[in-house]
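Structural features, examined
So the chains spell out like this:
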Amino acid sequence: MNIQPTPIPGLMLVETSPHEDARGVFTRLYCERTLAHLIGQRKIVQVNHSCTFLTGAIRGLHFQYPPHAEIKLVRCLKGRIWDVAVDLRRDSATFLCWHATELSPSNSRMMLIPEGFAHGFQVLEPNSELLYLHTASYTPDAEGGLRYDDPKLGISWPLNVTDLSARDAKHPLIDRNFRGLSQ
Ligand SMILES: Cc1cn([C@H]2C[C@H](O)[C@@H](COP(=O)(O)OP(=O)(O)O[C@H]3O[C@@H](C)C(=O)[C@@H](O)[C@H]3O)O2)c(=O)[nH]c1=O
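The protein chain is annotated in an unreviewed UniProt entry as dTDP-4-dehydrorhamnose 3,5-epimerase of Azonexus hydrophilus. The Function (unreviewed entry) field of the UniProt record for the protein chain holds the comment "Catalyzes the epimerization of the C3' and C5'positions of dTDP-6-deoxy-D-xylo-4-hexulose, forming dTDP-6-deoxy-L-lyxo-4-hexulose." One UniProt comment on the protein chain, placed under Pathway (unreviewed entry), says "Carbohydrate biosynthesis; dTDP-L-rhamnose biosynthesis."

Here it is as structure tokens:
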């Protein structure tokens with residue numbers, strides 16, 4: 001596993017190393033020892049999987065408010081996605097900045113999204129599948145969302161949007177009183 005920084009402090013790319021032989025491929029997806037300095041005392045408590053049918057579909061942007069904030073490790077198991085994280089940490093020098101990277105089985109990369117970030121993605125190939133590792137349990141009452149097309153974020157999605165949940169279409173726009181998430 002090789003951990004690469006991004007322009008946003010704390011947001012990391014985790015490059016994994018597939019071992020290929022005549023039978024196929026073996027890849028370590030999570031290593032407590034290697035990620036200890038990023039995960040701290042937290043534990044992976046939930047593992048989620050999603051499949052998104054349509055190229056151009058967007059899911060997000062989602063986060064959980066404290067005390068249910070979570071670290072997410074996101075990997076694309078099938079297809080190809082454009083994965084986006086937005087810094088919502090109060091007092092961060094990169095507050096409201098976003099960073100995106102392509103994830104696919106062939107680049108064997110994961111995005112490690114710290115607490116205090118929103119996350120979303122756009123599907124670049126049909127039937128793209130994602131695996132998420134979470135350090136907090138899903139808590140619907142603590143869920144927050146941002147609009148994928150919020151002008152305050154100015155995210156330049158690579159494709160036209162072909163599908164979006166009713167919930168994701170209704171997230172509020174960021175207003176001038178939004179100070180970000182406390183850590
Ligand atoms: C996230 C989640 C959803 N659900 C349920 C709620 C709902 O009925 C159904 C689909 O949920 P959603 O519409 O929220 O699914 P989705 O829009 O795919 O939500 C995901 O979006 C990406 C961007 C993330 O970062 C994820 O953490 C997660 O929030 O699954 C769970 O039971 N457990 C979970 O952990």
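1. Regarding the overall build of the protein chain
Tallying secondary structure elements over the protein chain gives 2 helices and 13 strands in all. A globule of 183 residues ought to have a C-alpha radius of gyration of about 16 Å, and the protein chain, at 16 Å, matches this closely. Overall size of the protein chain, expressed as C-alpha extent along the three principal axes, is 55 × 40 × 30 Å. The burial tally for the protein chain puts 47% of its 183 residues in the buried class. Long-range pairs, those at least 24 residues apart, make up 79% of the contacts in the protein chain between residues at least 6 apart in sequence. In the protein chain, 19 positive and 19 negative side-chain charges are present, and the distance between their average locations comes to 3 Å.

2. Considerations on the environment of Tyr132
Mapped onto the secondary structure, Tyr132 falls in strand β12 (residues 128–134). Separated by 85 residues in sequence, Tyr132 and Val47 have C-alpha atoms that sit 5.5 Å apart. The residues touching Tyr132, leaving out its near neighbours within four places in the chain, are Gln46, Val47, Asn48, Ser50, Leu73, Val74, His119 and Phe121.

3. So, the site of the ligand
All residues adjacent to the ligand are Gln46, Asn48, Arg59, Gly60, His62, Lys72, His119, Gly120, Tyr132, His134, Tyr138 and Arg167. Take Arg167: an N or O atom from its side chain is 3.0 Å from an oxygen atom of the ligand. Contact with the protein chains covers 64% of the free accessible surface of the ligand, which is 660 Å². Elements represented by at least two residues in the shell around the ligand include exactly β5 (46–52), β6 (58–64), β11 (117–123) and β12. Per element, the largest residue contribution to the shell around the ligand is 3 residues, and it comes from β6.

4. As for the packing of aromatic side chains
The description of an aromatic ring pair uses the distance of the two centres, along with the angle that the planes make with each other. In the structure shown here, the tally under the stated rule is 5 aromatic pairs. Relative to Trp157, the ring of Tyr148 lies with its centre 6.3 Å away and its plane at 65°, an arrangement referred to as edge-to-face. What makes Tyr148 buried here is its relative accessible area of 16%. Put simply, the rings of Trp82, Trp98, Tyr148 and Trp157 touch in pairs and so form one group of aromatic residues.

5. Side note on the sheet that holds β6
With respect to topology, 5 strands assemble into an open sheet ordered β9-β8-β11-β6-β13, the strand pairing being antiparallel. Strands with a single pairing partner mark the edges of an open sheet, and in this sheet they are β9 (98–103) and β13 (143–145). On average, adjacent strands in this sheet sit at an angle of 25° to one another, irrespective of strand direction. Bridge count between β6 and β13: 3 bridges; the pairing is antiparallel. Note on β13: the bridge partner recorded for Phe63 is Gly144.

6. Side note on the nonpolar core
Among soluble globular proteins, nonpolar side chains are generally buried collectively. With 18 residues, the main nonpolar core has Leu61, Val86, Leu88, Leu146, Leu153, Ile155 and Trp157 as its most contacted residues. Within the residue set of this core, elements represented by two or more residues are β6 and β8 (81–87). Each residue touching Leu153, except ones within four places of it in the same chain, is listed here: Leu61, Val86, Leu96, Trp98, Leu146, Arg147 and Ile174.

Rules behind the numbers
Residues numbered from 1 in each chain as written. Predicted model: local features only at pLDDT ≥ 70, side-chain atom pairs only at ≥ 80, totals over all residues. Heavy atoms only, no water. UniProt positions renumbered as here; feature names shortened; annotations may be inferred. Helix = DSSP H or I, 4+ residues; strand = E, 2+ residues; numbered from the N terminus. Rg over C-alpha atoms; globule rule 2.2 N^0.38 Å. Buried < 20%, exposed > 50% of the residue type's maximum accessible area, 1.4 Å probe, protein only. Contact = heavy atoms within 4.5 Å. Lys, Arg positive; Asp, Glu negative; His and termini not counted. Charge placed at Lys NZ, Arg CZ, Asp CG, Glu CD. Near = heavy atom within 4 Å. Polar contact = N/O pair within 3.5 Å; in protein donor to acceptor, adjacent residues only side chain to side chain. Areas by Shrake-Rupley, 256 points an atom, 1.4 Å probe, with all protein chains shown as cover. Phe/Tyr/Trp six-rings, centres within 6.5 Å; stacked < 30°, edge-to-face > 60°. Pairing = 2+ DSSP bridges. Axes fitted to C-alpha atoms, helices over the stretch in contact; angles between N-to-C directions. Core = buried A, V, L, I, M, F, W, Y, C linked by side-chain atoms within 4.5 Å.

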